[in-house]
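Structural overview
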Amino acid sequence: MGTPGIPEQQVGIPHRPESPLWNIDASILLVEDDAGDALLVEEMLADSELDPSLTWCKTLAEARAFLHTSTTPVCVLLDLHLPDVHGLDAVRQILESDSEAAIVVLTGLEDSGTGLRAVAGGAQDYLVKGRLGPEILSRAIRYALQRKEVERASAALRANRLIAQENARLERGLLPVPLLRDNRFHARARYEPGRVHGLLSGDFYDVVQTSDGTVHAVIGDVSGHGAAEAALGVCLRVAWRTAVLCGTSQTEQIALLEEILVAERSDAHVFATVTSLVFSPDQRHAQILRAGHPGLLLRQGGDVTWVEPEGGMALGLLPGMGRWPTVDIPLTPGAGVVLFTDGLFEGRDGPDSRLGEEGLLAMAQDNGHLPAHAFVDALVAGAAEGAAPYGGLADDVAVLHLGWGSEHDEH
C-alpha cells in the first residue's frame, strides 16, 4: 500500500503553466521503496519549474517493466537500496532495460563515494537525499537528460566516423584506379551506395591494360549488402586483376572467381553476377562474357543500343557446373561500352513500377550526345531522381564507361 496522497505507479504533479525554458519533453521514473522519500521527491518536483509526468516504482522489476513499454525519453531517479537489487548493479540493470535512459542516483548523506562510482558506471549524476531542494532536483534532471543527449550524439558521431573509415578502406579495394598504359583508351566510373546501408557493398569493377595493348575490364555484383559482401567483392576484384596479369584466359578467370567465391563466402546462398570484356588492341571489336549479369549499352556516334549477348549462370549458384560462352561484338571508331550493376535500373519510378531496362535505355538514348563522364552522371542522376519520391535508390549502383578514342571526341 502507498502512503496517503501518493498512488502507487502514477504520481500526479500539479499542472504549471508551460514554460518554453523549463518544460521538458520526458518522463520521470522514481525508483524508490521508501514512501516517505517518494513523497519528498513529489513535493519538490511540484515546487520546481518542471512540468513532467512522474511514475513511482517500488522495485527494480517494476521499473524495468515500465522502461520496456515507455515510448518517450525517461529520466530515472534511482535509489540504490531496493528490495530486489542492491548497489551499483541497479544502474547496470536499468541501462540493460533502456540504454537511452538518463539516470540520477539518489544516495544517503554518507554515500557520496557510491554516487561517484555510479556516474562512472553509466549514470549521468547523483544527488544526496538529505540535501535535496526543488531547484537542485530540477537542475539535475534537466542536466542529466541533456548529458544523455550529448552522449547519444557523440556515439552517433563516432559511429559515423567508423563508417566513413570503413568506407574509405572498402573504397580503396572496390574502386581501383584503372591500370592503363596509354591514353588511347578511356575508362569513366561511378559508384553510389544504396540508401539501405550507406556503405559500399558488393559491387565491384576493374580495368587493366596488359603489355600487348589489350584492355581487360570486369564488373560484378555480390548478392546481399554489407561489409561481408564488400570484403568478398574486394577479394574477387583483386583475384581477377591477378589472373589478368598472369595471362589467364577470359573463361579461366571466371572459373577462378567462382572457386574463390565458394571458398570465401559466409553463406552457401551468396552468389555473384559478373561481366568480363576484352578490348582488342586493333580497336575494332570486344569479346564479352556474361555470368548472370545484366546486359550493357553500346554507344556508337549518338546512337545508344541495348546489347545482351548470350551468357551463363551467376557464379556460385551451381559451383562447377557453369558454362560461360564468349561473344565477339564489332566496334566502330570511337564506340563506347557502358557496363552497370542492376541497382541502376531496379529503383522505383512509381508506386508500383521500376525504371527497368527499357526505361534505362530510353534515358540513355536521350543523353546519347553527352561525353562519357557527363553521360554516366546523367544516368545515375536520372535513376536517383526517379526513385527519390519513393525512398531513393535501394541498391548499390556501379557504372563503367569504356572505349577507345581521344579526350576530345570520347563518348
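Please read all numbers here as calculations on a predicted model, not as lab measurements.

**Quick word on the sheet that holds strand E9 (residues 185–192)**
What the 5 strands build is an open sheet, ordered E9-E20-E17-E14-E15; its pairing is antiparallel. Taken across any chain shown, the strands that pair with only one partner, and hence form the sheet edges, are E9 and strand E15 (303–307). Geometrically, the sheet is characterised by an average inter-axis angle of 20° between neighbouring strands, direction not taken into account. Two strands pair when backbone bridges link them, and strand E14 (residues 296–300) and strand E17 (residues 336–340) are joined in this way by 3 bridges, in the antiparallel orientation. Each residue of the ladder has a partner; that of Leu297, found in E17, is Val338.

**Remarks on unusual backbone geometry**
Not every positive phi belongs to a glycine, and Gln283 is a case in point at roughly 65°. Note on placement: Gln283 falls in the loop between strand E12 (272–279) and strand E13 (285–291). Judged by its relative accessible area of 29%, Gln283 falls in the partly exposed class.

**Notes on the pattern of salt bridges**
Applying the stated criterion across every chain, the model contains 17 salt bridges. For Asp37, the salt bridge is made with Lys129, and the minimal N-O distance between the two is 3.1 Å. Pair noted here: Asp37 is in helix H1 (residues 35–46) and Lys129 is in the loop between strand E8 (125–128) and helix H5 (134–174), with a separation of 92 residues, a long-range link. In this structure, Arg92 engages Asp89 in a salt bridge whose closest nitrogen and oxygen atoms are separated by 2.5 Å. Taken together, the positions of Arg92 and Asp89, both in helix H3 (residues 89–97) and 3 residues apart, correspond to about one turn of that helix. What makes Arg92 partly exposed here is its relative accessible area of 41%. The network of salt bridges with shared partners includes Glu32, Asp37, Asp79 and Lys129.

Reading the values: rules and limits
Residues numbered from 1 in each chain as written. Predicted model: local features only at pLDDT ≥ 70, side-chain atom pairs only at ≥ 80, totals over all residues. Heavy atoms only, no water. Pairing = 2+ DSSP bridges. Helix = DSSP H or I, 4+ residues; strand = E, 2+ residues; numbered from the N terminus. Axes fitted to C-alpha atoms, helices over the stretch in contact; angles between N-to-C directions. Buried < 20%, exposed > 50% of the residue type's maximum accessible area, 1.4 Å probe, protein only. Salt bridge = Lys/Arg side-chain N within 4 Å of Asp/Glu carboxyl O.

What is shown is where atoms sit, not what they do.
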